[in-house]
Amino acid sequence: MRKSSRKVLELAGHVGLAAAALVLSCTVVRAQAPEANEAVAQRGHYLAVAADCAACHTAPGGGKPFAGGYGIASPLGSIYSTNITPSKTYGIGTYTEAQFARALREGIRGDGAHLYPAMPYTSYTKLTDDDIHALYVYFMHDVKPVEAKGPETALPFPYNIRASMAFWNLLFLDDTRFKPEPGKSAEVNRGHYLSYALAHCDTCHTPRNAMMAEIGSKALGGASLASWDAPNITSDPKSGVGSWSDDDLARYLKTGDVPGKAQAGGPMAEAVEHSFQYLSDGDIRAIVAYIRQVPAISDSRDTAPRDAYGKASDREDAYRGVAESGMSRGERLFSGECAACHRPTGKGSPDGYYPQLFHNTAVGAPIADNLISTILMGVRREVGGHTVYMPGFGEGSYVDALSDQDIADISNYVEQTFGNPAVKVTADEVKLTRSGGPKPLIAKLGAFAVPGMIVGVLVLAGAVVLVMRRGRKKH
Ligand code: HEC
Ligand code: HEC
Ligand code: HEC
């Protein structure tokens, strides 16, 4: 666009008709603006996918895109996402770009009220001006307005005082844009930006301190997400993913399945399904390049990589001769509930649709959370129009509902036979995981912020008490 308007100006200069040039170049700009806008909106759409805005702002079970109404469970009650379609009455149709930027970066709504940190502005605060602009253009022009009001958030006192979030922000919001690290390649910096400002890998994979803030020195070192465990994905060859090839990592992010290594279940499956599968190959490579050079976090108890444990069982032949009474309870249950798909040998199906259970990170991990959660909740992931599906045995609408003891017994058989024999699972552990419930990806992300919110409000209350005491002493 710039080139052609400059040409127009040159032309005009030659003929000495400056005024005509002005008119002409304006026409050129006007003629090209919608097209340029379209490109910006498309980029905004891509960014919205990379940042997974729809995951929270679309109600489950067929809600209209971005119309809000998704309740993020917190111990204080549900925090509902709002309508962010360009409806002027119910959505953000009246937001200026500056107001939009403020909501994304500082957690402040168009009307000046504070948002609860269930909206991840602590990540989006790193977005560049360009990307905020593209998102704004996308939301204002390409998203269909939805003229409907969603449920309202009504937390109990004192959490209904939105201004108290100002204190939370003082503690937890680092309101600065992403700065490329000097000395790192453009690809690594792009990957860093994607991983933190948009895809927020850190919100799941970085452990948190008692104040629920991420521990910077343990970045991507692995963290528990209630029922699921987001493993260490630093460059350590045993505790992390240092032994994975670049192609393995790229394939995992794009599809959630690396045969003979790992499958994505739970919250990671949702991130792959809704967001990562749509990232360009270049952006996936950039994330991989960034992950590769994250400092290793090592645990000396990890003596082999998670994907190196176990081997096929020779039970297939043996079964014929083994009476049920010769099997442990765990093996009998495995044989009845799991072997039809994963085979008695644990080799899975030849086409890999049913994965092998040895050399499988969920089974070889030093903690059994992902194995237990997989059995309880199953796996569901839709990628490139294909669905992989394992039923969950926690409720048993399609399969037998298994008790906590059943799942503990199966897990112990699977760990002993195909995985990490040092891992022992008890019925109590299964019970705990079960009560964590199959909450969707984002419910967990939101829930992280809430304990921090409570701390923030307590700090505020403490400060008020202090000020009041001082005031009293003076009088
Ligand atoms: C983890 C869940 C989550 C994600 C992801 C998320 N949001 Fe939100 N957002 C929320 C919640 C919850 C609220 C309402 C919070 C409240 O009421 O305090 C909100 C509020 C907002 C608001 C304020 C609207 C208003 O006037 O009420 C805007 C604007 C917004 N989000 C835009 C976005 C955009 C753009 C993205 C993607 C770049 C995004 N959100 C991603 C959870 C999320
Ligand atoms: C919403 C939470 C969440 C987000 C966001 C997330 N992950 Fe994960 N990730 C998980 C969980 C949970 C697992 C374990 C899944 C399983 O084994 O079924 C996992 C597994 C992985 C694994 C496989 C590790 C193994 O040993 O099997 C890799 C690699 C990975 N994530 C990389 C990333 C990267 C890179 C990003 C950001 C681009 C990211 N994740 C974002 C939760 C998340
Ligand atoms: C109906 C077929 C079926 C049954 C029955 C079944 N699975 Fe699966 N299993 C699958 C499929 C499909 C996947 C996902 C493959 C993928 O992600 O690409 C899977 C994945 C897994 C994973 C890897 C999950 C991860 O997050 O890394 C484990 C471990 C597992 N199953 C264990 C079991 C156990 C134990 C049982 C018995 C209680 C069982 N499965 C029963 C089909 C089945």
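As recorded by an unreviewed UniProt entry, the protein carries the name Cytochrome c and is attributed to Gluconacetobacter tumulicola. Taken verbatim from the UniProt record of the protein, the Subcellular location (unreviewed entry) comment is "Cell membrane".

Q: What should I look at first to understand the overall build of the protein in this one?
A: Assigned secondary structure in the protein consists of 20 helices and eight strands. Looking at the protein as a whole, 48% of its 475 residues qualify as buried. Of the accessible surface of the protein, which amounts to about 23,800 Å², a share of 58% is contributed by carbon and sulfur atoms.

Q: Teacher, can you tell me more about the site of ligand 2 here?
A: Neighbouring ligand 2 are 28 residues; Cys-201, Cys-204, His-205, Met-268 and Thr-361 lie closest to it. One of the side-chain N or O atoms of Thr-361 is found 2.7 Å from an oxygen atom in ligand 2. Among the elements of the structure, helix H9 (201–205), strand E4 (228–230), helix H10 (246–255), strand E6 (262–263), helix H11 (266–274) and helix H12 (281–292) are those that each provide at least two residues to the shell around ligand 2. Class assignment for the residues of the shell around ligand 2 results in 20 nonpolar, six polar and two charged. Both domains that furnish three or more residues to the shell around ligand 2 are identified here as domain 2 (53–298) and domain 3 (306–442).

Q: Explanation requested: the UniProt feature "binding site: heme c 1" (unreviewed entry) in the protein in the structure shown.
A: Listed under "binding site: heme c 1" (unreviewed entry) in the UniProt record, and renumbered for this structure, are Cys-53, Cys-56 and His-57. Take Cys-56: it is sitting in helix H3 (residues 53–57). Classification of Cys-56 as buried rests on a relative accessible area of 14%. Looking at where His-57 falls in the secondary structure, it is placed in helix H3. Judged by relative accessible area, which is 11%, His-57 ranks as buried. Those residues in contact with His-57 that sit more than four places away from it in its chain are Phe-66, Ala-67, Gly-68, Ser-81, Thr-82, Ile-84 and Met-119.

Q: Sorry, what's going on with helix H7 (residues 165–172) here?
A: Note on helix geometry: an α-helix contains 3.6 residues per turn, so any two residues three or four positions apart are oriented the same way. Taken as a whole, H7 has its buried residues at Met-165, Trp-168, Asn-169 and Phe-172. When H7 is viewed along its axis, its buried side chains cluster within an angular range of 100° and face the same direction.

Q: Help me out: how do you make sense of the packing of helix H14 (residues 329–337) against helix H18 (residues 404–418) in this one?
A: The relative placement of two packed helices is expressed as an angle between their axes plus a distance between the axes. For the pair H14 and H18, the least separation of the axes is 8 Å and the interaxial angle reads 95°. It follows from the interaxial angle that H14 and H18 lie roughly perpendicular. Counting all contacts with H14, which are made through Arg-329, Gly-330, Glu-331, Leu-333 and Phe-334, the residues of H18 involved are Gln-405, Asp-406, Asp-409, Ile-410, Tyr-413, Val-414 and Phe-418. For the contact of H14 with H18, the per-class residue count stands at six nonpolar, two polar and four charged.

Q: Please explain the coordination of the iron atom of ligand 2 as it appears in this structure.
A: In a perfect tetrahedron of four donors around a metal, the angles come out at 109.5 degrees. In a perfect octahedron of six, they are 90 or 180 degrees. On the protein side, the iron atom of ligand 2 has His-205 (NE2) and Met-268 (SD) as donor atoms, found 2.1 to 2.3 Å from it. The coordination sphere of the iron atom of ligand 2 comprises six donor atoms, whose angles at the metal cover 85 to 179°; the geometry is octahedral. Taken together, the residues His-205 in helix H9 and Met-268 in helix H11 connect sequence positions 63 residues apart.

Q: Explanation requested: the site of ligand 3 in the structure shown.
A: Taken together, 23 residues sit near ligand 3, with Cys-338, Cys-341, His-342, Arg-381 and Met-390 positioned nearest. Between Gln-263 and ligand 3, the recorded distance is 3.1 Å, taken from a backbone N or O atom to an oxygen atom. His-342 places a side-chain nitrogen or oxygen 2.7 Å from a nitrogen atom of ligand 3. Among the secondary structure elements, those contributing two or more residues to the shell around ligand 3 are helix H15 (339–342), helix H16 (361–364), helix H17 (369–377) and strand E8 (386–390). Across the shell around ligand 3, the residue classes break down as 15 nonpolar, five polar and three charged. Three or more residues apiece are contributed to the shell around ligand 3 by two domains, here domain 2 (53–298) and domain 3 (306–442).

Q: Looking at this model, I keep getting lost on unusual backbone geometry. Mind explaining?
A: Excluding glycine, most residues fall at negative phi; most peptide bonds, likewise, are trans. Not every positive phi belongs to a glycine, and Asp-52 is a case in point at roughly 55°. Located in the positive-phi region is His-359, a residue other than glycine, with phi close to 45°. Structurally, His-359 is set in the loop between H15 and H16.

Q: How do you make sense of the packing of helix H8 (residues 186–198) against H12 when you look at a structure like this?
A: Packing of H8 against H12 brings their axes to within 7 Å, and their N-to-C directions diverge by 95°. Looking at the two axes, H8 sits roughly perpendicular to H12. Residue-level contacts link Glu-187, Val-188, Arg-190, Gly-191, His-192, Leu-194, Ser-195 and Tyr-196 of H8 to Asp-283, Arg-285, Ala-286, Ile-287, Ala-289 and Tyr-290 of H12. In terms of residue class, the contact of H8 with H12 is built from seven nonpolar, three polar and four charged.

Q: Got a minute to help me understand the pairing of strand E7 (residues 379–383) in this structure?
A: Within a regular strand, side chains alternate between the sheet's two faces. What you see with E7 is a clean split: Val-379, Arg-381 and Val-383 sit on the buried side and Arg-380 and Glu-382 on the side with no burial. Where E7 meets E8, five bridges bridge the pair, whose relative direction is antiparallel. Its bridge partner lying in E8, Val-379 is registered against Met-390. If you look at the hairpin formed by E7 and E8, you'll find two residues sitting between the two strands, and Gly-384 has a positive phi there, around 55°.

Q: Would you mind going over the environment of Ala-197 with me for this structure?
A: Tracing the chain through its elements places Ala-197 in helix H8. On the basis of relative accessibility, which here comes to 1%, the residue Ala-197 falls in the buried class. In the structure, Ala-197 is positioned 146 residues away from Ala-51 in sequence and 7.8 Å away in space, judged by C-alpha atoms.

Q: Whenever I open this one, the packing of aromatic side chains confuses me. Can you help?
A: By the definition in use, this model includes twelve aromatic pairs. Ring geometry for Phe-66 versus Tyr-138: centroids 6.4 Å apart, planes at 80°, classification edge-to-face. Of this pair, Phe-66 sits in the loop between H3 and strand E1 (71–72) while Tyr-138 sits in helix H6 (residues 129–141), and the two are 72 residues apart along the sequence. Take Tyr-138: its relative accessible area is 9%, and that puts it in the buried class.

Q: Whenever I open this one, the environment of Ala-365 confuses me. Can you help?
A: The residue Ala-365 is located in the loop between H16 and H17 in this model. For the pair Ala-365 and Asn-420, spaced 55 residues apart in the sequence, the C-alpha separation amounts to 6.9 Å. Once residues within four sequence positions are removed from consideration, Ala-365 is found in contact with Arg-306, Asn-420 and Val-423.

Cut-offs applied
- Residues numbered from 1 in each chain as written.
- Chains lettered and ligands numbered in written order.
- Predicted model: local features only at pLDDT ≥ 70, side-chain atom pairs only at ≥ 80, totals over all residues.
- Heavy atoms only, no water.
- UniProt positions renumbered as here; feature names shortened; annotations may be inferred.
- Helix = DSSP H or I, 4+ residues; strand = E, 2+ residues; numbered from the N terminus.
- Buried < 20%, exposed > 50% of the residue type's maximum accessible area, 1.4 Å probe, protein only.
- Areas by Shrake-Rupley, 256 points an atom, 1.4 Å probe, with all protein chains shown as cover.
- Near = heavy atom within 4 Å.
- Polar contact = N/O pair within 3.5 Å; in protein donor to acceptor, adjacent residues only side chain to side chain.
- Nonpolar A, V, L, I, M, F, W, Y, C, P; charged D, E, K, R; others polar.
- Domains from an automatic or database assignment.
- Contact = heavy atoms within 4.5 Å.
- Arc of directions from axis to C-beta.
- Axes fitted to C-alpha atoms, helices over the stretch in contact; angles between N-to-C directions.
- Parallel < 35°, antiparallel > 145°, perpendicular 65-115°, else oblique.
- Donors = N, O, S within 2.8 Å, 3.2 Å for Na, K, Ca; no water.
- Tetrahedral: all angles 85-135°; square planar, octahedral: opposite > 155°, others 65-115°.
- Pairing = 2+ DSSP bridges.
- Phe/Tyr/Trp six-rings, centres within 6.5 Å; stacked < 30°, edge-to-face > 60°.

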